[in-house]
Amino acid sequence: MTAPWEKDPILRVRHLTMRFGGLVAIDNLSFDVGRNDITALIGPNGAGKTTVFNCLTGFYKPTEGMIRMTHADGNEFLLERLDDHVIARQARVARTFQNIRLFGGMTVLENLMVAQHNPLVHASRFAIAGLFGLAGFKRAEREAVERSKHWLEKIDLVDRADDPAADLPYGAQRRLEIARAMCMQPVILCLDEPAAGLNPRESDQLNTLLLDIRKEEQIAILLIEHDMSVVMEISDHIAVLDYGIKISDGTPDFVRSDPHVIAAYLGVEDEEVA
Amino acid sequence: MAQSETSLSARLPSALKDAAIAAFISLALFAFIVGIRTVDDPGKLLLEPRPWLLAGFVGAVFFGRLFLNLFFWSGAHTSEALTSALAPVGQIFERISPWLTPALVVFAITLPFLPFTDRYILDVAIMVMTYIMLGWGLNVVVGLAGLLDLGYVAFYAVGAYSYALVATHFGLSFWVALPLAGLLAALWGIILGFPVLRLRGDYLAIVTLAFGEIIRIVLINWYSLTNGPDGISRIPRPTFFGLELTRRGEPSFHEFFGIPYSPLNRIIFLFYIILVLALITNFVTNRLRRLPLGRAWEALREDEIACRSLGINTRNTKLSAFAIGAMFGGFAGSFFATRQGFISPESFTFIESAIILAIVVLGGMGSQIGVVVASIVMIGGFELFRELEHYRMLMFGLAMVLIMIWRPRGLITSREPSVFLKEKKAVSGELVQEGKG
């Protein structure tokens, strides 16, 4: 029986291996990400989850393996061959970071405008039309501000649009990073521990936001998470990593009852599992 | 009273130790500066040792330091006291800065016609304006993109030599050669940019420093092209729509307008040229800041990795900052050449790069008005203390140290956002990153 996410996956990861010298961070990893699914990548600390993200987004070049992305219009991208900014721009992969990477000295709105850099640069004809304030660029800029405003409303930060991003409380910075990624109009959103450091109420809001993004934007979400309440509640599909190896892959219910996963998380002796 | 005496005796060992360290450092410094004097004997150079004078200097440091340690310094940091004492001055400065810009522009436009203006003041003003323009150009690279460039003078030199060579060999006028010089400097900015893009921080600074020196050394040694250390002379002066600003020009400015000839006319004309060039630099930079390109520069300074994750081509973005900064340097360089009428590699030493960078840092990285104030203070101050001769370098160093203690992020620290939704609020300098190259 094939799982639903294997029918028309947006992302096919095959035999992905990443070595750093003698250290094997990811070992022969294969999994699929469904086109409109929320897929979670979980595992204990040091399991190689963030390394997978860095390979997907071009920050690392994988030692071996293939990452094939298929857009809804049939365009295909081999992510392991592309530069990071090309992956973001053409393959439309957006990501957030485990330790928040906002532009702290720029305002909230500016952060969202930077995310729309490529369409705006194109509209400004590489700054030349922009320099003379031509109409085409002004229209594009207005649209960009509108899109930013739309996302600020979603994350409930309209009132703080003109404050520096570094001044926001931690939870708001997390939300802003998601909004910034969404301003790129991605087809897949990769979130690296979005609920880390959030209180239960904020964590709940995050769930609502992610479910809303999936419904409204019809995109795939891939997330790394430690917070099981987030993972179990919103994921359609979970892959579990331990020491760079995939130990389980399936629906939340399947993963929850998988003895390998329980062993990896609770640290049960190997013979007890076998 | 008894209490203070016990604390005095308790403090004595540490005070003695501190004074001894200070005395040792001063011994190492003064041994060569004061301890030995060179005497010019016919035919050879004699060294005359002066041990007693040296002992006097070191002794003065030792006892002075001991005295200060025991009776004045009770452990509180003097730098903190200085910072808090000078804080109100900084606040006033931030408050008047919005009014400063129009006031300064009006002042600059009317300067040549003010009653106290003479040749000397105009010459200083031209020099200050040149440094303002260079500071604004470098501000694109250092202040906005956060790339530390210690070799900015290279582009200044490329601009100056481009104009000088094109004008003397092909007879192109200043106005034709000016854009050419800017383009050539921008090209060199890109040529420098390519190899150094992978470097960050200190490494980038060292390579740009080396690039500045390479350009200067090439200028000295490529005798057939640049005339080496002899420099290029008889560089043509700029003309006012073809009118020459000389006594016997064909056609000449004063005859055309029917005004009496004055050598000041040419100086005033030069002043307005550099004023317009500088204002263009400012306008373009301010415009670029509000465009996606400029916003990407600032984002690059804040966090390069986040930029890459947002699809920004960091290589091209850095190159564009280098090229545009270099272009303004090239414009300023060709103005320098036409003003001096003579250029040689000596005008493009590292100290020029250091002064321009100091102006940017002192003014507050990324702040346009800060650059203006810093140029006026530094270049004007340099002129003001001309009688002090080589001690003015010492004064300059002292002033830099004091200002860096007082305002470590420069005179204007706040950042103006490039776009806003409801109201424009300045971003505190504390939050703004300085860039890691």
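The shown structure was predicted, so the numbers you read here are calculated from the model rather than taken from an experiment. All residue numbers here refer to positions counted from 1 along the written sequence of the relevant chain. Chain labels run from A onward and ligand labels from 1 onward, assigned in the order the entries are written. In keeping with the model being predicted, local features are shown solely for residues with a pLDDT of at least 70 and side-chain atom pairs are shown and tallied solely at 80 or more, while totals for entire chains, interfaces and linings include all residues. Note: side-chain values were computed over all heavy atoms of the structure, leaving out hydrogens and water.

This part covers the overall build of chain B. A run of DSSP states H or I qualifies as a helix once it reaches four residues; a run of E qualifies as a strand once it reaches two. Both are numbered from the N-terminal end. Counting its regular elements, chain B contains 16 helices and 2 strands. On the principal axes, the C-alpha backbone points of chain B span a range of 85 × 75 × 50 Å. For each residue, the accessible area found with a 1.4 Å probe, counting protein chains only, is set against the maximum for its type, and the residue is called buried under 20%, exposed over 50%, and partly exposed in between. Counting the 437 residues in chain B, one finds 47% classified as buried. Any pair of residues with heavy atoms lying within 4.5 Å of one another is described as a contacting pair. Pairs at least 24 apart in sequence give 72% of the contacts found in chain B among residues at least 6 apart.

Okay, the pairing of strand E7 (residues 188–192) of chain A next. All names here are of chain A. Counting buried positions along E7 gives 5 out of 5 residues, so the element sits mostly inside the fold. With burial as the criterion, each face of E7 is covered, one bearing Ile188, Cys190 and Asp192 and the other bearing Leu189 and Leu191. As defined by bridge partners, strand E6 (residues 93–95) adjoins E7 across 3 bridges and the pair is classed as parallel. Bridged to Arg95 within E7 is Cys190. A pair of strands counts as paired when DSSP detects no fewer than two bridges linking them. The sheet contact formed by E7 and strand E8 (residues 220–224) spans 5 bridges and is parallel. Note on E8: the bridge partner recorded for Leu191 is Leu223.

Here we take up the sheet that holds strand E5 (residues 76–78) of chain A. All names here are of chain A. If you trace the 4 strands from one edge of the open sheet to the other, you get E2-E1-E4-E5, paired in antiparallel fashion. Every other strand in the sheet has two partners, leaving strand E2 (23–34) and E5 as the edge strands with one partner each. The average angle at which neighbouring strand axes cross in this sheet is 15 degrees, direction not considered. Where strand E1 (residues 9–20) meets E2, 8 bridges bridge the pair, whose relative direction is antiparallel. Across the sheet, residue Leu11 finds its bridge partner in E2, namely Val33. Interaxial angle, 0 to 180 degrees, is taken between N-to-C directions of lines fitted to C-alpha atoms, where a helix line uses only the stretch in contact.

We call a set of buried residues a nonpolar core when its members are Ala, Val, Leu, Ile, Met, Phe, Trp, Tyr or Cys and they connect through side-chain atoms within 4.5 Å of each other. Membership of the largest hydrophobic core comes to 108 residues, with the highest contact counts inside it found for Phe271, Trp297, Ile343, Phe348 and Ile359 of chain B. Tallying contributions element by element places helix H4 (residues 119–144) of chain B first for this core, with 16 residues. Core analysis: the second largest hydrophobic core is formed by 53 residues, Ala161, Ala181, Met182 and Leu210 of chain A among them.

Bringing the domain arrangement of chain A into the picture now. All names here are of chain A. With domains assigned, chain A is organised as domain 1 (1–92 + 186–274) and domain 2 (102–185). Once you take the C-alpha centre of each, domain 1 and domain 2 turn out to be 27 Å apart. Contact residues are listed per partner, giving 22 residues for domain 1 and 14 residues for domain 2. The quantity reported as buried area is the accessible area (1.4 Å probe) lost by two parts once they are put together, taken as the sum for both. In total, domain 1 and domain 2 occlude about 1,400 Å² of area from one another, counting both sides; carbon and sulfur atoms represent 65% of this. Any Lys or Arg side-chain nitrogen located within 4 Å of an Asp or Glu carboxyl oxygen qualifies as a salt bridge. Scanning the region where domain 1 abuts domain 2 turns up 2 salt bridges. A salt bridge links Asp212 to Lys154, with the nearest nitrogen and oxygen atoms 2.8 Å apart. By the criterion applied in these results, polar contacts are pairs of N or O atoms within 3.5 Å in which, for protein atoms, one can donate a hydrogen and the other can accept it, and in which residues neighboring in sequence qualify only through two side-chain atoms. Taken together, the connections running from domain 1 to domain 2 amount to 5 residue pairs in polar contact (both at pLDDT 80 or more). For each domain, the first and last residues come from an automatic or database assignment.

Turning our eyes to something else, we now look at the packing of aromatic side chains. Note on ring pairs: Phe, Tyr and Trp rings are taken, using the six-membered ring of Trp, and paired if centres are within 6.5 Å. Classes follow the plane angle, with under 30 degrees stacked, over 60 edge-to-face and the rest tilted. Tallied over the full model, the rule gives 18 aromatic pairs over all chains. Aromatic pair Phe62 of chain B and Phe63 of chain B: ring centres 5.1 Å apart, planes at 85 degrees, arrangement edge-to-face. On the accessibility criterion, Phe62 of chain B (21% relative accessible area) is partly exposed. Here the aromatic cluster, defined as three or more aromatic residues joined through ring pairs, consists of Tyr152, Phe155, Trp188 and Phe211 of chain B. Geometrically, a lysine NZ or arginine CZ counts as sitting over a ring once it is within 6 Å of the ring centre and also within 35 degrees of the ring normal. Looking at Arg95 of chain A, its charged tip hangs above the ring of Phe59 of chain A, at a distance of 5.2 Å from the centre. If you follow Arg101 of chain A out to its NZ or CZ, it ends over the ring of Phe97 of chain A, 5.6 Å from the centre.

Many structure descriptions define interface size as the accessible area lost when the parts assemble. The partner chain A presents 45 residues to the 34 residues of chain B that form the contact. Taken together, the links from chain B to chain A amount to 5 salt bridges. With a closest N to O distance of 3.2 Å, Arg295 of chain B and Glu141 of chain A form a salt bridge. Counting across the chain B and chain A interface gives 14 residue pairs in polar contact (both at pLDDT 80 or more). If you list the elements that add at least two residues to the side of chain B that touches chain A, you get helix H10 (264–289), helix H11 (292–302) and helix H12 (304–309) of chain B. Here the nonpolar group is Ala, Val, Leu, Ile, Met, Phe, Trp, Tyr, Cys and Pro; Asp, Glu, Lys and Arg are the charged ones; every other residue, Gly included, is treated as polar. Along the lines of polarity and charge, the residues of the side of chain B that touches chain A split into 19 nonpolar, 4 polar and 11 charged.

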